[in-house]
Amino acid sequence: MTEYPKLGKAGRTGEPMTTGRTAELLRKAGDPQRATFLELFFDLVFVLALAQLSRGLAEDLGWSGALRTLVLLAAMWWVWSSTAWLTDRTDPQRPVIQALVIATMVGTMVMAAAVPEAFGDTGLIFAGAYVAIQLGRGLVLVAVLRGHELQRHSVRGVFWYGLSALPWIAGALVHGTARGALWALAVVLDHTAGRIGFPTPGAGRTPSRDLVISGEHLSERYRQFFIIALGDLILVTGLGLSRNGFAPDRAAAFAVSIATTVLLWRIYIYRAGEVLAEAIAASADPIRLARSASYAHLVMVAGVVVAAVGDELVIAHPLGHTPPAWIAVILGGPALYVAGRARFEHAVFGRVSRSRPIGVLALAALTPAMLPLPPVVVAAAAALVLTGIAISDTARARARPPEPPSPPG
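The following paragraphs examine the structure supplied in this document. What you are looking at is a predicted structure, and each value in this text was computed from that prediction instead of being measured.

1. A short note on helix α5 (residues 95–114)
Turning to step 1, where the next piece is worked out: The terminal C-alpha atoms of α5 lie 29 Å apart, and with 20 residues this matches the ideal 28 Å at 1.5 Å per residue to within 8%.
Turning to step 2, where the next piece is worked out: If you check which residues of α5 are buried, you get Ile97, Leu100, Val101, Thr104, Met105, Gly107, Thr108, Met111, Ala112 and Ala114.

Right under this line is the structure:
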């Protein structure tokens, strides 16, 4: 989770007062905290990014393909998360901030275009674009945020992104397992640095007591990104039907895929997805809650990416034999999503509905029984499990008044 320094006239460590020009770049206390059209525009790139990740996984349905997809997804997620931090603490209406967001969007598009061959011929393009985004943005912020604690935070970011640039670029210059290992190291380094406050020689680390979260803005950004992820499912489903025709078996597979998409949306939005902002406001440790919600969304999005692969396979081959790897993605995508959704629910309410772990266990238990069945039946079984979770949510809503957020302390 990206860190959010406090705004104010001076930091707790005696930073100089913010200059007039720097103050213009920062969000004011009374400014609206809603996401802007610029951020929605930026998010559109991730429709391409997630579709490319789904495509790459579909072409390599093994453990190596899964690990590679995870590394690439974690890198793309960190770009999105750090951009959400930028627009949370600065004013997106200012030209320099707009330029940074648009430059990040262009760099992310290059990364997305390089995803299919990122572990092949376009590795240096993917890694170079990532490093350029993170280092370039940090250097610009160091230059324009003079006299504010955000400048110190940007210095810390430049230091750590400079460190992670080494395994990113080194990995791009080698091949096979070595590239995967170096890039995994780089991803872990970036995410770990964010979690521990980017400790930097001469600049210290960003202390939790000096951080603040805009709950309204953050929750809206997560909802928007999740909708973008569902857009990947819709894109894959629609293109699959268009490519493969409207035969009855494929129409049935299309119907199951659309039903699954609707169920994922319904399960997300009820009810943690609606009250995250209130949970952050009510939390005794909003930073911890924000971090937990961030990684819960990463797991949910990973589940959607895997589910998109399953939808593509089911629509293309609705009948016939279902290989074990296909069963793994058709059932595993929803299971991964439900597991992430359970963590999200715990972050907001401090408890997990029984339907979540029961759903994951049911999807796992179904696996052996699915081996002799055609793909469309396997997909229908997954949709039935998700339907049970959605029905449980509806019954819970009718049985009691809306539950207020109660994040763990």
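Read on, since the account is not over.
2. Some remarks on the side chain of Arg89
Turning to step 1, where the next piece is worked out: Examined against the element boundaries, Arg89 turns out to sit in helix α4 (residues 63–89).
Turning to step 2, where the next piece is worked out: Separated by 2.9 Å, the side chains of Arg89 and Asp88 make a polar contact.

3. Digging into unusual backbone geometry
Turning to step 1, where the next piece is worked out: Cis rather than trans, the peptide bond between Tyr270 and Arg271 has omega equal to -5°.
Turning to step 2, where the next piece is worked out: On the secondary structure map, Arg271 appears in helix α10 (residues 248–282).
Turning to step 3, where the next piece is worked out: Non-glycine residue Phe198 carries a positive phi angle of around 50°.
Turning to step 4, where the next piece is worked out: Phe198 gets classed as buried once you look at its relative accessible area, which sits at 4%.

4. Examining the nonpolar core
It is characteristic of soluble globular proteins that their nonpolar side chains tend to be buried jointly.
Turning to step 1, where the next piece is worked out: Residues Phe126, Tyr130, Trp168, Trp183, Tyr337 and Phe344 are the most contacted members of the largest nonpolar core, which totals 94 residues.
Turning to step 2, where the next piece is worked out: In this structure, Phe126 is in contact with Leu72, Ala75, Met76, Met111, Ala114, Val115, Ala118, Trp168 and Trp183, ignoring residues within four places of it in sequence.
Turning to step 3, where the next piece is worked out: Val309, Leu313, Val329 and Ala383 belong to the second-largest nonpolar core, a separate cluster that totals 23 residues.

5. Considering the packing of helix α9 (residues 215–244) against α10
To describe two helices that pack against each other, one gives the angle between their axes and the distance between the axes.
Turning to step 1, where the next piece is worked out: Close contact between α9 and α10 brings their axes to 10 Å; oriented N to C, the two are set at 180°. Relative to α10, the element α9 is oriented roughly antiparallel.
Turning to step 2, where the next piece is worked out: Among the residues forming the contact of α9 with α10, the class breakdown is 17 nonpolar, seven polar and four charged.

6. Examining the pattern of salt bridges
Turning to step 1, where the next piece is worked out: If you walk through the whole model with that rule in mind, you get 13 salt bridges.
Turning to step 2, where the next piece is worked out: As a salt-bridge pair, Arg94 and Asp91 come within 3.6 Å of each other at their nearest N and O atoms.
Turning to step 3, where the next piece is worked out: The partly exposed category is assigned to Arg94, whose relative accessible area is 33%.
Turning to step 4, where the next piece is worked out: The exposure class of Asp91 is buried, given its relative accessible area of 14%.
Turning to step 5, where the next piece is worked out: Here Glu345 makes a salt bridge to Arg351, at a shortest N to O gap of 2.7 Å.
Turning to step 6, where the next piece is worked out: Given the relative accessible area of 4%, Glu345 is considered buried.

7. Brief notes about the packing of aromatic side chains
Describing an aromatic ring pair means giving the distance of the ring centres and the angle of the ring planes.
Turning to step 1, where the next piece is worked out: One pass over the full model with this rule turns up 17 aromatic pairs.
Turning to step 2, where the next piece is worked out: Between Trp77 and Tyr222 the ring centres are 6.3 Å apart and the planes differ by 5°, which places this aromatic pair in the stacked class. Here the residue Trp77 occupies a position in helix α4, and Tyr222 occupies one in helix α9, the gap between them amounting to 145 residues. Considered together, Trp77 and Tyr222 belong to a single accessibility category, that of buried residues.
Turning to step 3, where the next piece is worked out: Through successive ring pairs, a cluster of aromatic residues spans Phe42, Phe46, Trp77, Trp80, Tyr222 and Phe225.
Turning to step 4, where the next piece is worked out: Stacked on the ring of Trp183, the Lys or Arg Arg179 has its end atom at 5.6 Å from the ring centre.
Turning to step 5, where the next piece is worked out: Seen from the ring of Phe349, Arg351 lies directly overhead, with NZ or CZ sitting 4.9 Å from the centre.

Definitions and limits used
- Residues numbered from 1 in each chain as written.
- Predicted model: local features only at pLDDT ≥ 70, side-chain atom pairs only at ≥ 80, totals over all residues.
- Heavy atoms only, no water.
- Helix = DSSP H or I, 4+ residues; strand = E, 2+ residues; numbered from the N terminus.
- Expected span 1.5 Å × (residues − 1).
- Buried < 20%, exposed > 50% of the residue type's maximum accessible area, 1.4 Å probe, protein only.
- Polar contact = N/O pair within 3.5 Å; in protein donor to acceptor, adjacent residues only side chain to side chain.
- Core = buried A, V, L, I, M, F, W, Y, C linked by side-chain atoms within 4.5 Å.
- Contact = heavy atoms within 4.5 Å.
- Axes fitted to C-alpha atoms, helices over the stretch in contact; angles between N-to-C directions.
- Parallel < 35°, antiparallel > 145°, perpendicular 65-115°, else oblique.
- Nonpolar A, V, L, I, M, F, W, Y, C, P; charged D, E, K, R; others polar.
- Salt bridge = Lys/Arg side-chain N within 4 Å of Asp/Glu carboxyl O.
- Phe/Tyr/Trp six-rings, centres within 6.5 Å; stacked < 30°, edge-to-face > 60°.
- Lys NZ or Arg CZ within 6 Å of the ring centre and 35° of its normal.

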